[in-house]
Amino acid sequence: MTKYSWIKVEGPFAVAYRPRIPEAATTSTVLGKRSSPSTQFLIFGALLFSILCLHLPLLRLPYFWDEAGYYVPAARDLLLSGSLIPKSTVSNAHPPLVMAWLALWWNLGGFHAIVTRAAMLVIAAFTLMGLFRLALLVANVEVAVASTVCLAFYPVFFAQSSLAHLDMAAAGFTLWGLRSYLEQKHRSTFAWFALAALAKETAIVAPFALAACEVGARFVPQVKGLFPAQQGLRFRMAALVAAAFPLAAWFTYHDIRTGYIFGNPEFFRYNVVSTMHPVRILLASAMRVWQLGGYMNLWLLTIAGALAMFQPPQAAGTGSRPRIAVPVQTVFLVVIIAYVMVMGTVGGAVLARYMLPVMPLVILVWVSTLWRRVQYWKLVVAIVCAAFVAGWFVNPPYGFSLEDNLAYRDYIVLHADAERYLVQHRPTARVLTAWPASDEVTRPYLGYVNTPLRVVQVNDFSLLQVLSAADVRSQFDVALVFSTKYEPTHPILKGWRAWDRIKEEFFGFHVDLPPEAIAHVLGGDVIYSRTRKGQWIAVIDLQHAVEASARPGPEAGQRSNR
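Below, the structure is looked at part by part. Since we're looking at a predicted model, the values are computed, not measured. (Residues numbered from 1 in each chain as written. Predicted model: local features only at pLDDT ≥ 70, side-chain atom pairs only at ≥ 80, totals over all residues. Heavy atoms only, no water.)

Looking now at the pattern of salt bridges. Under the definition given, this model contains 15 salt bridges. We note a salt bridge from arginine 353 to aspartate 66, for which the minimum N-O separation is 3.1 Å. Of this pair, arginine 353 sits in the loop between helix 17 (326–345) and helix 18 (359–373) while aspartate 66 sits in helix 3 (residues 66–81); the two residues are 287 residues apart in sequence, bridging distant segments of the chain. For aspartate 167, the salt bridge goes to lysine 200, with nearest N and O atoms at 2.7 Å. A residue pair is termed long-range when its members are at least 10 positions apart, and aspartate 167 in helix 8 (residues 167–182) and lysine 200 in the loop between helix 9 (186–199) and helix 10 (205–219) qualify at 33 residues. Lysine 200 carries the same exposure label as aspartate 167, and that label is buried. Here the residues in one salt-bridge network are Asp66, Asp167, Lys200, Arg353 and Glu403, joined through shared partners. (Salt bridge = Lys/Arg side-chain N within 4 Å of Asp/Glu carboxyl O. Helix = DSSP H or I, 4+ residues; strand = E, 2+ residues; numbered from the N terminus. Buried < 20%, exposed > 50% of the residue type's maximum accessible area, 1.4 Å probe, protein only.)

Counting buried positions along strand 9 (residues 535–541) gives seven out of seven residues, so the element sits mostly inside the fold. Judged by which residues are buried, strand 9 turns out to be covered on both faces: Gln535, Ile537, Val539 and Asp541 on one side and Trp536, Ala538 and Ile540 on the other are all buried. The sheet contact formed by strand 7 (residues 478–482) and strand 9 spans five bridges and is antiparallel. Counted as the bridge partner of leucine 480 is valine 539 from strand 9. Pairing analysis gives seven bridges linking strand 8 (residues 525–532) to strand 9, with the strands arranged antiparallel. What sits directly across from threonine 531, in strand 9, is tryptophan 536. Between strand 8 and strand 9, which pair antiparallel one after the other, the connecting turn spans two residues, and lysine 533 there sits at a positive phi close to 50 degrees. (Pairing = 2+ DSSP bridges.)

Further remarks concern unusual backbone geometry. The omega torsion across tryptophan 435 and proline 436 is 10 degrees, close enough to zero to call that bond cis. Along the chain, proline 436 falls in the loop between strand 5 (430–434) and helix 21 (437–440). In the Ramachandran plot, alanine 93 falls in the positive-phi region, its phi being about 70 degrees despite a non-glycine side chain. For alanine 93, the location among the structural elements is in the loop between helix 3 and helix 4 (97–109). Of note in this structure, lysine 533 is not a glycine but carries a positive phi near 50 degrees. Mapped onto the secondary structure, lysine 533 falls in the loop between strand 8 and strand 9.

Viewed as axis vectors pointing N to C, helix 8 and helix 17 meet at an angle of 145 degrees, and their least axial separation amounts to 12 Å. As for the relative orientation of helix 8 and helix 17, their crossing is right-handed in sense. Every residue of helix 17 that contacts helix 8 at Leu178, Tyr181 and Leu182 is listed here: Val328, Val331, Phe332 and Val335. Taken together, the residues of the contact of helix 8 with helix 17 break down into seven nonpolar, no polar and no charged. (Axes fitted to C-alpha atoms, helices over the stretch in contact; angles between N-to-C directions. Left-handed = near helix turned anticlockwise from the far one by under 90°. Contact = heavy atoms within 4.5 Å. Nonpolar A, V, L, I, M, F, W, Y, C, P; charged D, E, K, R; others polar.)

On the surface, Trp290, Trp299, Ile303, Leu307, Met309 and Phe310 cluster together into a nonpolar patch covering about 680 Å² of accessible area. No other element matches the three residues that helix 16 (residues 298–308) contributes to the nonpolar patch. Examined against the element boundaries, methionine 309 turns out to sit in the loop between helix 16 and strand 3 (315–316). (Patch = residues over 30% accessible without salt bridge, like charges linked within 9 Å, V, L, I, M, F, W, Y side chains within 5 Å. Areas by Shrake-Rupley, 256 points an atom, 1.4 Å probe, with all protein chains shown as cover.)

Counted by the stated rule, this structure contains 27 aromatic pairs. Ring centres of phenylalanine 262 and phenylalanine 268 lie 6.3 Å apart, and the angle between their planes is 20 degrees; this geometry places the pair in the stacked category. Accessibility expressed as a relative area gives 45% for phenylalanine 262, which makes it partly exposed. Three or more aromatic residues link up through ring pairs in this structure, and these residues are Phe64, Trp65, Tyr408, Tyr411, Trp435, Phe461 and Phe482. Sitting over the face of the ring of phenylalanine 111, arginine 76 holds its NZ or CZ atom 5.9 Å from the ring centroid. (Phe/Tyr/Trp six-rings, centres within 6.5 Å; stacked < 30°, edge-to-face > 60°. Lys NZ or Arg CZ within 6 Å of the ring centre and 35° of its normal.)

Now for the environment of alanine 144. Considering the arrangement of structural elements, one finds alanine 144 in helix 6 (residues 141–153). Under the relative-accessibility criterion, alanine 144 is labelled buried at 0%. Along the sequence, alanine 144 and arginine 133 sit 11 residues apart, while their C-alpha atoms lie 7.3 Å from each other. When sequence neighbours within four positions are dropped, the list of residues in contact with alanine 144 reads Phe132, Ala135 and Leu136.

This part covers the sheet that holds strand 6 (residues 454–458). The five strands are arranged 6-5-7-9-8 in an open sheet whose pairing can be described as mixed. With one partner strand each, in any of the chains shown, strand 6 and strand 8 form the two edges of the open sheet. Averaged over all pairs of adjacent strands, the angle between strand axes in this sheet comes to 20 degrees, irrespective of strand direction. Summarising the sheet, strand 5 and strand 6 pair through five bridges and their orientation is parallel. Bridge assignment links threonine 433 to a residue of strand 6, and that residue is glutamine 457. Strand contacts of helix 20 (residues 407–425): strand 5, strand 7, strand 8 and strand 9, with the helix running at about 15 degrees to strand 9, the strand carrying the most contacts. Packed on one face of the sheet, helix 24 (residues 515–522) meets strand 5, strand 7, strand 8 and strand 9 and runs near 25 degrees to strand 9.

Here we come to the environment of leucine 104. Within the secondary structure layout, leucine 104 lies in helix 4. Exposure remark for leucine 104: the relative accessible area of 44% places this residue in the partly exposed category. C-alpha separation for the pair leucine 104 and alanine 75, spaced 29 residues apart in sequence, amounts to 9.4 Å.

With that settled, consider the packing of helix 16 against helix 19 (residues 377–393). At a closest axis distance of 8 Å, the pairing of helix 16 and helix 19 adopts a crossing angle of 160 degrees. Taken together, helix 16 and helix 19 sit at an angle that is classed as roughly antiparallel. For the element pair helix 16 and helix 19, the recorded crossing hand is right-handed. Across from Leu298, Leu300, Leu301 and Ala304 in helix 16, the residues of helix 19 making contact are Val380, Ile383, Val384, Ala387 and Phe388. For the contact of helix 16 with helix 19, the class distribution of residues is nine nonpolar, no polar and no charged. (Parallel < 35°, antiparallel > 145°, perpendicular 65-115°, else oblique.)

Mapped onto the secondary structure, arginine 133 falls in helix 5 (residues 113–138). An unpaired buried charge is present at arginine 133: no salt bridge exists, and glutamate 183, the closest side chain of opposite charge, is 5.5 Å distant. At 3.0 Å, the side chain of arginine 133 and the side chain of glutamine 40 are in polar contact. (Lys, Arg positive; Asp, Glu negative; His and termini not counted. Polar contact = N/O pair within 3.5 Å; in protein donor to acceptor, adjacent residues only side chain to side chain.)

What follows concerns the environment of isoleucine 540. When you line up the elements, isoleucine 540 lands in strand 9. Discounting chain neighbours no more than four positions away, the residues touching isoleucine 540 are Asp477, Val478, Ala479, Val481, Pro515, Ile518, Ala519, Gly524, Asp525 and Val526.

This is the structure in structure tokens:
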């Protein structure tokens, strides 16, 4: 049996006593804390290979929703013109780092969806590597492996891994920045947090929150013991605050080029001005807490971790298994609370992907708690991972964004088939539809059609929008209608009109009419219809109805009187 001697572990974030383990038995020295660059590269390669294999069936899918609406067109503009300001779409003032990354990959591998997906999977592997190394620093190799696996299987992370959005990169850089911050590496702290903000502007929340608490810890005695030691405070503060300088330079450049700093006026109104109602902030903040504690089967890990808190720590050597140091947990809590507050205040759509920078911290803390207090903690983690994998395929009993599990694939398949049908059977028709299908059928490079179609656009397929479209029926020949929001067949809050009214007022909720009802209002016939796991799409033909109404005779008179 190996003999252990106790050593005092001191640092800016913890003072604790842990058993001295012989170097040969220290797995963490091999895997991360003092490993060579080649070992780090091998770990990263293993992570990338693993998630690449998991995503193989998804790599050739056309672009989805916000990918098609902004990020891919903006990156394509950068590829073709070298302009950091999008030309084919109105600029939202998002920093250009991720778009530049995609343009680089397209320049090397060609403008193909599979290249885009591969480029984003590299970022996802980088994010997993960031969590792995952070967990090694603050916990141990077992917690690091389990936390990384849980994150990789979590439905939101899995779905976002290959999608061309900004939040995965912001999460990765934030995790690497937190590790550097905990290690007191000021230059790399600045670099990682600056890159996070250049990936997505909201990532500046993490360094600013830490800087504010650094100041608070200096002047409030009750906080001082819960936060890092004050040695080197000036250097840490400088690194945290300076991380905002590159982002400020980008916004200055954007203002000079476009005349507005924080995105076009409509974007700013939707994401900032319209979100400032106190009731909405309270509700959105509660939704953010739910996304970090219960969303997409995360409730299982939360409940398991909470129940584990009632158990005593497991024995280890002559003591017990150590917890993550309190100052480190304080750092995590500060960043998490800051994200909940900021993301509960801004952002027109309360999307779960916006919380990706702090979601790994929640998983890490709960997994560490299970490791410390539960004898069969590996079994519990395995059950949680199984629930996460089930969440890829099984939609929850509440409304959710399609991009949070494989429902986004169902959407893409439905739209690709329907739009292919349109091109084959009505290639010259004028099409009534809503965004993002309006972009899908007018931009062939998105992967849905080979030739663009002419479009008349509505906001959605609610009753008011369909009635307004009926007034200009002569301007289109067919209607491509689809479910713009996912609503479960048996929702948890079914029949609670108060909640529906709140969603309508503060979160843009609406109810899409079914295809048959839309056809009735427009005076057409459904000639194509498909459904898939609660989503639907249909093509409504109006041309023959217009021709029939134009013919004289009793039939035309009867139709006009209906």
